[in-house]
Amino acid sequence: MGRRKRKVIRVVKKRLPKVYTCPNCGYVAVRVVVKKGKVTVSCGRCGEKKEYEFEKGLDPIDYYNRFVDDVSKGA
Ligand SMILES: [Zn+2]
């Protein structure tokens, strides 16, 4: 007795919404939100916002890349 076993506690991390740099205003304030088959990429600072169809296999970063593309094109 008396032997204490240290349990390895795994912290289950929730998928936090990652924040990206806005191509429009330059602030790290862009969030990718997936909701009901739609993906909204929006900047919390300047209000730049784009909506995309949700596609399986794509990561938030992929939508963010599209966002950067579209914004820099001026679409
Ligand atoms: Zn912005």
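Presented here is a report on the structure given in the accompanying data block. Note that the structure is predicted; figures quoted are calculated from it, not measured.

Calculation criteria
Residues numbered from 1 in each chain as written. Predicted model: local features only at pLDDT ≥ 70, side-chain atom pairs only at ≥ 80, totals over all residues. Helix = DSSP H or I, 4+ residues; strand = E, 2+ residues; numbered from the N terminus. Buried ≥ 20, exposed ≤ 12 C-beta atoms within 10 Å, placed from the backbone. Contact = placed C-beta atoms within 7 Å. Pairing = 2+ DSSP bridges. Expected span 1.5 Å × (residues − 1). Arc of directions from axis to C-beta.

Take the overall build of the chain next. Within the chain one finds one helix and four strands. Each helix and strand of the chain, ordered N terminal to C terminal, gives the series β-β-β-β-α. Relative to its 75 residues, the chain shows a buried fraction of 13%. Long-range contacts, defined here as pairs at least 24 residues apart, represent 23% of the contacts in the chain between residues at least 6 apart.

A few words on the pairing of strand β3 (residues 38–43). In regular strands, side chains alternate between the two faces of the sheet. Only one face of β3 is buried, namely the one carrying Val39, Val41 and Cys43, since none of Lys38, Thr40 and Ser42 on the opposite face is buried. Adjacent in sequence and paired antiparallel, strand β2 (residues 28–35) and β3 are bridged by two residues, among which Lys36 carries a positive phi angle near 45°. By the bridge criterion, five bridges tie β3 to strand β4 (residues 49–53) in an arrangement that is antiparallel. Bridging from a neighbouring strand, Val41 pairs with Lys50 of β4. Between β3 and β4, which pair antiparallel in sequence order, lie five residues; one of them, Gly47, sits at a positive phi of approximately 90°.

This paragraph deals with helix α1 (residues 60–73). In a regular helix each residue adds 1.5 Å, so 14 residues correspond to 20 Å; α1 covers 20 Å between its end C-alpha atoms and thus fits that length. When α1 is considered as a whole, its buried residues turn out to be Tyr63, Tyr64 and Phe67. One side of α1 carries all its buried residues, which in axial view fall inside an arc of 100°. Summarising the geometry of α1, the exposed residues directed more than 90 degrees from the buried face are Ile61, Asp69, Ser72 and Lys73. Residues of α1 that are buried in the fold lie against β1 (19–21), β2, β3 and β4. Gly74 sits one or two positions beyond α1 and adopts a positive phi of about 80°.

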